[in-house]
Every structure is written in C-alpha cells, then in structure tokens.
There are 2 protein chains.
Amino acid sequence: MTLEIDVTIKLKQGVADPEGENTKKALNLLGFRAVRGVKTMKTFKIEVESQDEEKTKREVEEMCKKLLANPVIHDYEINVVKREG
Amino acid sequence: MTLEIDVTIKLKQGVADPEGENTKKALNLLGFRAVRGVKTMKTFKIEVESQDEEKTKREVEEMCKKLLANPVIHDYEINVVKREG
C-alpha cells in the first residue's frame, strides 16, 4: 500500500523566527494592521510504500532525526493523511 | 477575538519542486528505499484580531495575493485553526 505522510517541521518555542517576524512587519506595512503575529512552518509530503503502517511511521521518525529536522531548534509532527491500495 | 489562521502555500501541479526531489534522493541514499516521492509546502500561522471571521478570511486571501504566494506557481489554502476570546 502507498501512504501519504505529512511531516510538519516547526521551530521550538523560544527559537527566533525572523522570516515570520518580517512577514508580520510587511503585512502590517501593507495595511493589514490586525495581524498580531506570524510563524512559519515547513511540511514535507512524503509518499512511501508500506506493508506495515506502524513500522513506516517509525521510519519517518528516523528520517526526521537523520535529515528533515534539526533537533536543536525544531519540533516535528508526523501525520498519515492518505492510504491507497 | 483572536483567530489563528494557517495559510498553506504549495506549488501548483506541474511546477518543479527541486527541494522535494533532492530530499527524496537524499532519503533514498540514506537507506529509506520505500520513499517514492517528496513534496514541500510552506505554512504561515497568522494570528489576527478579528470582529468578523468571514471578513478576516477575505483579508487573509488578500495577504496571499499581495505577499505570501506567487500566483504564477503557487496554490494556497486558508484554514482557521483556533478562535480565542
């Protein structure tokens, strides 16, 4: 079966998010004064062949640790969003 | 009231995603051979003061058009994820 898994990488609480802060400033300057804050996150949508969903989720956790996230500054979330076949 | 709105920016169908392709290659090289494809997306989590949710959603759509997304290559999705106050 093919799984579609969303891995969302976000900055840990307390880590500066200059891209988010500058986006907020730019939105305020463009006239969107009601915007109080902006945070940025990144999502990897991964398509994986899988016989065993639990095993695949553990593998995706390995992928986060080895490549996708930096454990010093990032938290991550793993969600299976689609199952096919 | 304060709304927390997630704006997800993704590449339109058919637009090349070199970051996703290279992430897939790297995962395969690291031994994750079951990975068939990787796509990347970006999310802006926006905190907005709002009296009127529908009006705020239209404003966020304006933000996408003016700053957050490039209509030539991006699609976007707007989701209210939290209401406070």
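In case you missed it, the structure is sitting above this.
Rules of the game
Residues numbered from 1 in each chain as written. Chains lettered and ligands numbered in written order. Predicted model: local features only at pLDDT ≥ 70, side-chain atom pairs only at ≥ 80, totals over all residues. Heavy atoms only, no water. Contact = heavy atoms within 4.5 Å. Buried area = accessible area lost by both parts, 1.4 Å probe. Salt bridge = Lys/Arg side-chain N within 4 Å of Asp/Glu carboxyl O. Helix = DSSP H or I, 4+ residues; strand = E, 2+ residues; numbered from the N terminus. Nonpolar A, V, L, I, M, F, W, Y, C, P; charged D, E, K, R; others polar. Pairing = 2+ DSSP bridges. Least-squares fit on C-alpha atoms with pLDDT ≥ 70 in both. Phe/Tyr/Trp six-rings, centres within 6.5 Å; stacked < 30°, edge-to-face > 60°. Lys NZ or Arg CZ within 6 Å of the ring centre and 35° of its normal. Core = buried A, V, L, I, M, F, W, Y, C linked by side-chain atoms within 4.5 Å. Buried < 20%, exposed > 50% of the residue type's maximum accessible area, 1.4 Å probe, protein only.

*Asks:* So what about the interface of chain A and chain B? Which residues, and what values?
*Replies:* Taken residue by residue, the interface counts 29 residues in chain A and 29 residues in chain B. At the boundary of chain A with chain B, total buried surface from both sides reaches about 2,700 Å², with 69% on carbon and sulfur atoms. If you sort the residues of chain A by the area they bury against chain B, A:F32, A:M41 and A:K45 come out on top, with a joint share of 20%. For the pair chain A and chain B, the number of links is 2 salt bridges. Its salt-bridge partner being B:K42, residue A:E19 comes within 3.1 Å of it at the nearest N-O pair. For the side of chain A that touches chain B, the secondary-structure elements that each account for two or more residues are α1 (18–29), β2 (35–49) and α2 (53–68) of chain A. Ranked by residues supplied to the side of chain A that touches chain B, first place goes to β2(A) with 15 residues. Residue composition of the side of chain A that touches chain B, grouped by class: 14 nonpolar, 4 polar and 11 charged. Judged from the 13 bridges that link them, β2(A) and strand β2 (residues 35–49) of chain B form a sheet pairing that is antiparallel. Among the inter-strand pairings, A:V48 is bridged to a residue of β2(B), identified as B:V35.

*Asks:* Pulling in residues and values, what's your account of the relation of the copies chain A and chain B?
*Replies:* Between chain A and chain B, which share one sequence, the superposing operator has a rotation angle of 180° and an axial displacement of 0.0 Å; the RMSD is 0.0 Å. Between the two chains, the operation in question is that of a two-fold axis. Rotation axis and chain A: the residue whose C-alpha lies nearest the axis is A:K42, separated from it by 2.3 Å.

*Asks:* If you had to explain the packing of aromatic side chains to someone new, which residues and values would you point to?
*Replies:* Think of a pair of aromatic rings as described by two things: how far the centres are apart, and how the planes are tilted against each other in angle. Across all of its chains, the model carries 0 aromatic pairs over all chains by this definition. Directly above the aromatic system of B:F44 lies the positively charged group of B:K42, at a separation of 6.0 Å from the ring centroid.

*Asks:* With reference to specific residues and values, describe the nonpolar core.
*Replies:* The tendency in soluble globular proteins is for nonpolar side chains to be buried as a group. Ranked by size, the top nonpolar core spans 19 residues in total, and within it A:V35, B:I5, B:V7, B:F44, B:I46, B:M63 and B:L68 carry the most contacts. Among the secondary structure elements, those contributing two or more residues to this core are β2 of chain A together with β1 (2–11), β2, α2 (53–68) and β3 (74–84) of chain B. Beyond its immediate sequence surroundings of up to four residues, B:M63 is in contact with A:L27, A:F32, A:V35, B:I46 and B:L68. Among the nonpolar cores identified, the runner-up in size contains 17 residues, and A:I5, A:F44, A:C64 and A:L68 belong to it.

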